[in-house]
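Observations on the model geometry
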Amino acid sequence: MQNQSTNNPGASISLSRLNLKDFRDNAEQQHIAAQQKAALQHAHAHSSGFFITQDSSFGNLILPVLPRLEPDS
């Protein structure tokens with residue numbers, strides 16, 4: 001009995017490309033997460049402000065957060 005890759009040689013190539021793409025995407029996400037963590041730790045250590053991690057269209061790894069103050073009545 002022949003395996004599927006022998007019957008369809010292109011199948012194993014497309015599967016390996018898919019796995020490579022998934023691997024790259026996962027590695028990129030882990031790298032971004034590590035960069036966000038490092039940037040957040042640096043900001044907290046060197047600033048009195050508040051920061052959060054959030055995806056940004058402009059490539060920012062962390063964003064400053066302004067606290068809400070209740071208006072004086």
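Residues numbered from 1 in each chain as written. Predicted model: local features only at pLDDT ≥ 70, side-chain atom pairs only at ≥ 80, totals over all residues. Heavy atoms only, no water.

1. Things to note about the overall build of the protein
Scanning the protein for helices and strands turns up two helices and two strands. In the protein, the succession of α and β elements from N to C terminus is α-α-β-β. Looking at the protein as a whole, 7% of its 73 residues are labelled buried. Across the protein, contacts joining residues at least 24 apart in sequence account for 12% of those joining residues at least 6 apart. Summed over its atoms, the accessible surface of the protein is roughly 6,700 Å², and 55% of this surface lies on carbon and sulfur atoms. (Helix = DSSP H or I, 4+ residues; strand = E, 2+ residues; numbered from the N terminus. Buried < 20%, exposed > 50% of the residue type's maximum accessible area, 1.4 Å probe, protein only. Contact = heavy atoms within 4.5 Å. Areas by Shrake-Rupley, 256 points an atom, 1.4 Å probe, with all protein chains shown as cover.)

2. Considering a nonpolar patch on the surface
On the surface, Phe50, Ile52 and Val65 cluster together into a nonpolar patch covering about 260 Å² of accessible area. Structurally, isoleucine 52 can be placed in strand 1 (residues 50-53). Residue classification places isoleucine 52 among the partly exposed residues on the basis of a relative accessible area of 38%. (Patch = residues over 30% accessible without salt bridge, like charges linked within 9 Å, V, L, I, M, F, W, Y side chains within 5 Å. Salt bridge = Lys/Arg side-chain N within 4 Å of Asp/Glu carboxyl O.)

3. Here we look at the side chain of glutamine 36
Here glutamine 36 is to be found in helix 2 (residues 9-46). At 3.4 Å, the side chain of glutamine 36 and the backbone oxygen of leucine 61 are in polar contact. Leaving out residues up to four positions away in the same chain, glutamine 36 has contacts with Thr53, Gln54, Asp55, Leu61 and Ile62. (Polar contact = N/O pair within 3.5 Å; in protein donor to acceptor, adjacent residues only side chain to side chain.)

4. Quick look at the pattern of salt bridges
Going through the model one piece at a time under the given rule, you end up with one salt bridge. Lysine 21 is paired through a salt bridge with aspartate 25; the nearest N and O atoms lie 2.9 Å apart. Of the two residues, lysine 21 and aspartate 25 are both situated in helix 2; the distance of four residues between them amounts to about one turn of the helix. Since its relative accessible area comes to 46%, lysine 21 is described here as partly exposed.

The values reported here are purely geometric and, on their own, carry no functional implication.
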